[in-house]
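Each chain is listed here by its residues.
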Amino acid sequence: NAGVTQTPKFQVLKTGQSMTLQCAQDMNHNSMYWYRQDPGMGLRLIYYSASEGTTDKGEVPNGYNVSRLNKREFSLRLESAAPSQTSVYFCASRAPGGARNSYEQYFGPGTRLTVT
Amino acid sequence: AQSVTQPDIHITVSEGASLELRCNYSYGATPYLFWYVQSPGQGLQLLLKYFSGDTLVQGIKGFEAEFKRSQSSFNLRKPSVHWSDAAEYFCAVDNNAGNMLTFGGGTRLMVKP
């Protein structure tokens, strides 16, 4: 049981380049999330997916797109990277209600992205 | 809209001393509240959560937190801090209806030997 996995761990991009961050979970959770973490600002929600086939914007969606490929996988795409997108990105999945771990979010190890 | 405030950006305590990290939230209904810990270069790990019932909740690693509705607070405590507790701590509120978790800005804890 690997939990939530993310690739890559580190990435350096030039302004204008594109890339996709991959995320997968093996806990059969319906809900998945993408956050970015910047110093002093905690984690801010970029996009989330409440179930396979649905996605919704979070607090800071501009400049990003997402795809919920199937129940396991939720990818985040930067079409034209900007220096303001330099950050650490975390993927998470959420346990459903009614269980001992109700509504707990499980986080991946993060992707450290630098845009120059 | 829900929000979370952690007033202390940095806290330094001596090993063996007690610890209290503050968290205040703004939310219209009964909140689901969480504390997460992040060690350097790592993801977030859940310490404890509050949904309902007993307002004093116990978590892992000897941490506890108390929900005080009248003060809109959910402060994290530990009676005796260990050097391995040095990390960043995040308080969060979950709007179950909206399926969104909102985080505070975090408190970085340093432990003096």
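Residues numbered from 1 in each chain as written. Chains lettered and ligands numbered in written order. Predicted model: local features only at pLDDT ≥ 70, side-chain atom pairs only at ≥ 80, totals over all residues. Heavy atoms only, no water.

## Considerations on the confidence of the model for chain B
Inference 1: Looking at chain B, the pLDDT average stands at 92 and 96% of residues meet or exceed 70.
Inference 2: Mean pLDDT per element in chain B: strand 11 (residues 100-103) of chain B is the minimum at 87, and strand 3 (residues 19-21) of chain B is the maximum at 98. (pLDDT = per-residue confidence, 0-100. Helix = DSSP H or I, 4+ residues; strand = E, 2+ residues; numbered from the N terminus.)

## Digging into unusual backbone geometry
Most peptide bonds are trans, and most residues other than glycine sit at a negative phi.
Inference 1: In this chain, A:Thr7 is followed by A:Pro8 through a cis amide linkage whose omega measures -5 degrees.
Inference 2: Structurally, the position occupied by A:Pro8 is in the loop between strand 1 (4-7) and strand 2 (10-13).
Inference 3: Positive phi, close to 60 degrees, is recorded for A:Asn28, a residue that is not glycine.
Inference 4: Within the fold, A:Asn28 resides in the loop between strand 3 (19-25) and strand 4 (31-37).
Inference 5: In this structure, B:Ser72 takes a positive phi of about 50 degrees despite not being glycine.
Inference 6: Examined against the element boundaries, B:Ser72 turns out to sit in the loop between strand 8 (64-68) and strand 9 (73-78).

## Observations regarding the pattern of salt bridges
Inference 1: Following the criterion strictly, the structure yields 10 salt bridges over all chains and no others.
Inference 2: In the salt-bridge network here, residues are joined through shared partners; they are A:Arg36, A:Asp38 and A:Arg44. (Salt bridge = Lys/Arg side-chain N within 4 Å of Asp/Glu carboxyl O.)

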